[in-house]
Amino acid sequence: MVRDQIESRGISDPRVLEAMRAVPRHRFLADDARASAYDDTPLPIGSHQTISQPYIVAYMTAALELQGREKVLEIGTGSGYQTSVLACLSRAVYSVERIPELANRARENLRELEIDNAEVIVGDGSVGLPDKAPFDAILVTAGTPILPDPLLEQLAPSGRLIAPVGGRGVQELELCTRIPSGIERRRMISVVFVPLIGKYGWEKE
Ligand code: SAM
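Residues numbered from 1 in each chain as written. Predicted model: local features only at pLDDT ≥ 70, side-chain atom pairs only at ≥ 80, totals over all residues. Heavy atoms only, no water.

Caption draft 1: Molecular detail of the overall build of the chain. What the chain contains, in helices and strands, is six helices and nine strands. For the chain, whose C-alpha radius of gyration is 15 Å, the value lies close to the compact-globule estimate of 17 Å for 205 residues. The principal-axis extent of the C-alpha atoms belonging to the chain is close to 50 × 35 × 35 Å. A burial count over the chain gives 52% of its 205 residues as buried. (Helix = DSSP H or I, 4+ residues; strand = E, 2+ residues; numbered from the N terminus. Rg over C-alpha atoms; globule rule 2.2 N^0.38 Å. Buried < 20%, exposed > 50% of the residue type's maximum accessible area, 1.4 Å probe, protein only.)

Set out below in C-alpha cells:
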C-alpha cells in the first residue's frame, strides 16, 4: 500500500511513510471489510461514514509537516485511523466526532493499539475545541462549504490547517498557515469527502 499508492504518487516524507506503514488499517474496519483494507479507496465504517483513502490520509498528514512536538486537533474521528497516524507523528491529538457510536468504536481501536496520546471527544467539531486551543496543526476530515472561523482562530502562530472546502459533491483541499499578518491560504487537490455537519458546516446530511 505505501509503496504503490503513496510513495509512487510523490509523498516522500520518511516520517509520514513510516507512520503509514506502522498503523494497521485493517484494525479499523469491520470483519467483512477487512479483505479490502489495503485497497486504494475509502471504505464504509457504519453510520453512513467512511474511512478515508490511504493516499489522502498520507497527503493531508504530510501537508501539516509535523515534527513530533505538536498539539493537533482533528475534526471527524470516524474510525480513528487518521487519528492514529497523527498520534504517531505528534505529541498529543484531540479528535472530535459528532456520532457517539463511531467515537466509542474509535476509542476502542486506539486502546487496542495502545495509542495513549490521542483523545476522542463527542461534539460538533465545526466550532473547534476552544478549551484546548491553540493548536499547532488542525486537520478536518469532512467537507465544509466554508472554512469555519473558529478553527482558524484556534490555530497557533505558524500553525497549519488542512480542510476539504467546497460543494457537497466535490471539494478542494485548502492548506492554511497562520503568519504574522493573518492567514495564508493555498489550494491543493480536488477530493470527495462526506459533509461536515454542524454550526459552521452543512446544516444536515
Ligand atoms: N479520518 C477518518 C478515518 O480515518 O476513519 C474518516 C473520517 S470520515 C471521512 C468524516 C467524519 O467526520 C465522519 O465520521 C463524520 O461523522 C464526522 N463529522 C461530520 N461532521 C462533523 C462535525 N461537525 N464534528 C465532528 N465530526 C464530524
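From this point, things continue past the structure.
Caption draft 2: Spotlight on helix α3 (residues 54–64). Counting buried positions along α3 yields 11 of 11 residues, so the element is predominantly enclosed. Where α3 is concerned, the buried positions are P54, Y55, I56, V57, A58, Y59, M60, T61, A62, A63 and L64. E65 sits one or two positions beyond α3 and adopts a positive phi of about 50°.

Caption draft 3: Quick peek at unusual backbone geometry. Omega for the bond connecting A133 with P134 falls within 30 degrees of zero, at 5°, which places this linkage in the cis form. Mapped onto the secondary structure, P134 falls in the loop between β5 (118–122) and β6 (135–140). Even without glycine at this site, E114 takes up a positive phi of about 55°. Residue S158 is not a glycine yet carries a positive backbone phi of 70°. Along the chain, the position of S158 falls in strand β7 (residues 155–166).

Caption draft 4: Structural detail: the side chain of E174. With respect to the helices, strands and loops of the structure, E174 is situated in strand β8 (residues 171–179). Only 2.9 Å separates the side chain of E174 from the side chain of R185, close enough to count as a polar contact. Look past the residues within four positions of E174 in its chain and what remains in contact with it is L147, L161, I162, A163, V165, R185, R186 and R187. (Polar contact = N/O pair within 3.5 Å; in protein donor to acceptor, adjacent residues only side chain to side chain. Contact = heavy atoms within 4.5 Å.)

Honestly, it's all geometry; don't read function into it.
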